[in-house]
Amino acid sequence: MSDIYDKIMDLVRRRGFIWPASECYGSVAGFIDYGPLGSMMKRRIEDTWREFYVVREGYYEIECPTIGQEDVFIASGHVKGFSDKMCQCPHCKEYLRADHIAEGKGVQGASTMSAGELASVLCTLPCPACEEVLGEVEVFHFNLMFQTSIGPGSQRKGYLRPETAQGMFTDFQRLLRFYRDSLPFGAVQIGKSYRNEISPRQGMIRLREFTQAEAEIFVHPQEKNHPFFPRYAEYRMPLLGIAQQQENTPAIETTMHEAVESGLVANQYVAYYLALTHHLLVTIGVNPQKLRFRQHLPDERAHYAEDCWDAEIFSERFGWVETVGIADRTDYDLLAHEKQSGERFAVFIPYETPRRERRVRVIANMGALGPRFRGKAKSVADALAEAVPGPDGITLRIDGEEVFISPDLYQVKEEEIEIPGEEITPHVIEPSYGIDRMIYAVLEHSYAEEMVNEEERRVLRLPPRIAPIQVAVFPLMNRDGLPEIATDLATRLKAKGIMAEYDDSGAIGRRYRRQDEVGTPFAVTVDYETPESGTVTLRDRDSMQQVRVRADTLPELLRSLVEGSTTFASLSPV
RNA sequence: GCAUCGAUGGUCUAGUGGCAUGACUUAGGCCUUCCAAGCCUAUAGCCCGGGUUCAAUUCCCGGUCGAUGCACCA
């Protein structure tokens, strides 16, 4: 067994956190099953995410189909941008972008050629890698989206979504109405996304089917101050900006307030979600020493993005892994869907006081223009409105002909009109989380081995709110009525919504170790004092310390321990 | 996808052209008054498909999965 990754993957397989999918048929790379404890842990992480984004921020959750029709992904750019024409050099086996080779040799319009055309162009060209003439090569499309078809017969093309974000964009108009036509507002989605990775080789880090939690926050383009910014204004965390990367200097430890003031972070919204993300990741058990926020360099940032940061988590196995992306995507997505769908994706913003504007209006005398110009009357009227003629008539060029329009054919009115507001396309702030990567990071960061009485103790130091099982209940001895009392206690805890597990198999020490390995934060033992005094021992996973507490206070006590409003160290024995 | 290497109970592992080792785990029992103790018993395995052979877990071919390097990574 070499490194921590192997140890963790061994543990999560054995103890029912994560399994290879459809193992009995031989599994396929890039697909995993979450087992009993893994599903529980994943749900608790998702629920913590919901607590931050839905409950606290007030961005409601929506749920959209995982299959989308082609138009959606034409607009998003995934049909085009996610697909490349590729070929393989028959000599050196190098994978190559077919259009790039042709363009490199001066072939015009290579990027718009069909695969067949490209193949015929390529057969006389040399491979840029090994210089051999390519000869007959097959040019194929590779798109990272899984394609499917919708309905029988002449089917519509469908794609499994490569990200959850598009649902929030396609629902934009409905969401806008839901939030009663005012900015800012946001919607979130937690769900599966699919990318047909060429070779997913990094276990849980690179999956073909994975869970994303994304928020799309729609804001006024000129108002990027977050209404709750003070909440994180003094939040201090390390930021690795573009300058620090280029100059190879360490991350700057700074408050969000300073980061925005100094221009390191583009605006309050981005800074706010950087801090919130840091807060959230640490809450679920990511080690803050192994967490950094790195700004995208200009050449890796999408051209439309105003600012973009990745939360990167350090893994002993994989190095710095990008786990969360936080971007100011401006109006790119909404405008793209506007163009593709022909619908309007804008918000009407009323002015505080309606603006009054003087405007000159030309009213054409259609009764006179009609008979005079017949078919051209409409063009003349339009030209007049554009030209704004004076009181003496005007000469206009209509369809290549000079035409004099005498003043009796129109009236010029100067008037004051009221403009109540304007339509704007909101900008989008997008925090996007890779849930599976977060789960892996938490597992890796919470895994520990230590020697206790010359025995190795493996323990997952999961935060109590994330641990799949919250409390274990044991009878000290498997007789003398203790099992009955313990079973009853476990049932009472479960009735209060606490995930409790009863275990009476083997020595007490073994049972503690079993729970340590799956991260159960607390264990309650019913012993010979329990029948007499109604007290039990409560054991803390991390310190292995025990205190004696009244059994009837356990539901309340455990709830506050799991929530974190009480710490074990603060408990005093009864 | 290419190249190299690997795959034996749940886990780690020995070994083999002819009954497949051992340890741990798990389950049941005995014992045990708080951190993987001990004893007895039980469950459970040669990655999948094809070929060679009287006989294949073992040899050969193909595949799957994993590790490593290369390529790919919106």
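Residues numbered from 1 in each chain as written. Chains lettered and ligands numbered in written order. Predicted model: local features only at pLDDT ≥ 70, side-chain atom pairs only at ≥ 80, totals over all residues. Heavy atoms only, no water.

Quick look at the protein's contact with RNA strand B
Here is step 1: Taken together, 36 residues sit near RNA strand B, with Ser27, Arg195, Ile198, Tyr512 and Arg513 positioned nearest.
Here is step 2: Backbone atoms, meaning sugar and phosphate, make up 52% of the atoms of RNA strand B lying within 4 Å of the protein.
Here is step 3: Between a sugar or linking oxygen of RNA strand B and a side-chain N or O atom of Arg317, the distance comes to 3.5 Å.
Here is step 4: In the model, a base oxygen of RNA strand B is placed 2.6 Å from a nitrogen or oxygen of the Arg513 side chain.
Here is step 5: The set of elements that each furnish at least two residues to the surface near RNA strand B consists of α1 (4-14), β23 (455-460), α18 (508-517) and β27 (535-540).
Here is step 6: Looking at which element gives the most residues to the surface near RNA strand B, the answer is α18, with six residues. (Near = heavy atom within 4 Å. Polar contact = N/O pair within 3.5 Å; in protein donor to acceptor, adjacent residues only side chain to side chain. Helix = DSSP H or I, 4+ residues; strand = E, 2+ residues; numbered from the N terminus.)

Observations concerning the pattern of salt bridges
Oppositely charged side chains are able to pair whenever their charged atoms sit close together.
Here is step 1: Per the counting criterion, the structure on display carries 38 salt bridges.
Here is step 2: Between Glu450 and Arg461 there is a salt bridge; the shortest N-O distance is 2.7 Å. Note that Glu450 is positioned in strand β22 (residues 447-452) and Arg461 in the loop between β23 and β24 (471-475), a separation of eleven residues in sequence.
Here is step 3: Glu450 sits in the partly exposed class, given a relative accessible area of 23%.
Here is step 4: Measuring nitrogen to oxygen at the nearest pair gives 2.3 Å for the salt bridge that ties Arg548 to Asp527. Here the residue Arg548 occupies a position in strand β28 (residues 546-550), and Asp527 occupies one in the loop between β26 (522-526) and α19 (530-533), the gap between them amounting to 21 residues.
Here is step 5: Note on Arg548: relative accessible area 18%, which makes it buried. (Salt bridge = Lys/Arg side-chain N within 4 Å of Asp/Glu carboxyl O. Buried < 20%, exposed > 50% of the residue type's maximum accessible area, 1.4 Å probe, protein only.)

Considerations on the packing of aromatic side chains
Here is step 1: Within the structure shown, the criterion is met by 24 aromatic pairs.
Here is step 2: Both rings, one in Phe314 and one in Trp320, keep their centres 5.3 Å apart while their planes meet at 65°; by these two values the pair is edge-to-face.
Here is step 3: Grouping aromatic residues by their ring pairs yields a cluster made of Trp49, Tyr53, Tyr232, Tyr235, Tyr269, Tyr272, Tyr273 and Tyr433.
Here is step 4: Between Lys42 and the ring centre of Tyr34, over which it is positioned, the NZ or CZ distance is 5.4 Å. (Phe/Tyr/Trp six-rings, centres within 6.5 Å; stacked < 30°, edge-to-face > 60°. Lys NZ or Arg CZ within 6 Å of the ring centre and 35° of its normal.)

So, the nonpolar core
Here is step 1: Tyr53, Leu239, Tyr273 and Leu274 are the most contacted members of the largest nonpolar core, which totals 70 residues.
Here is step 2: No other element matches helix α12 (residues 268-283), which puts ten residues into this core.
Here is step 3: The residues contacting Leu239, other than those within four sequence positions of it, are Gln244, Ala251, Ile252, Thr254, Met256, Ala259, Leu264, Val265, Leu274, Phe293 and Trp309.
Here is step 4: If you look at the next biggest cluster of nonpolar residues, it comprises 24 residues, including Leu482, Ala500, Leu538 and Leu571. (Core = buried A, V, L, I, M, F, W, Y, C linked by side-chain atoms within 4.5 Å. Contact = heavy atoms within 4.5 Å.)

Digging into the packing of α1 against helix α16 (residues 435-446)
Helix-helix packing: each pair is described by the crossing angle between the helix axes and the interaxial distance.
Here is step 1: Closest axis-to-axis distance for the α1/α16 pair is 10 Å, and the angle between their directions is 105°. Comparing the axis directions of α1 and α16 gives the class roughly perpendicular. Across from Ile4, Tyr5, Ile8, Met9 and Val12 in α1, the residues of α16 making contact are Tyr440, Leu443 and Glu444.
Here is step 2: Its residues placed into classes, the contact of α1 with α16 shows seven nonpolar, no polar and one charged. (Axes fitted to C-alpha atoms, helices over the stretch in contact; angles between N-to-C directions. Parallel < 35°, antiparallel > 145°, perpendicular 65-115°, else oblique. Nonpolar A, V, L, I, M, F, W, Y, C, P; charged D, E, K, R; others polar.)

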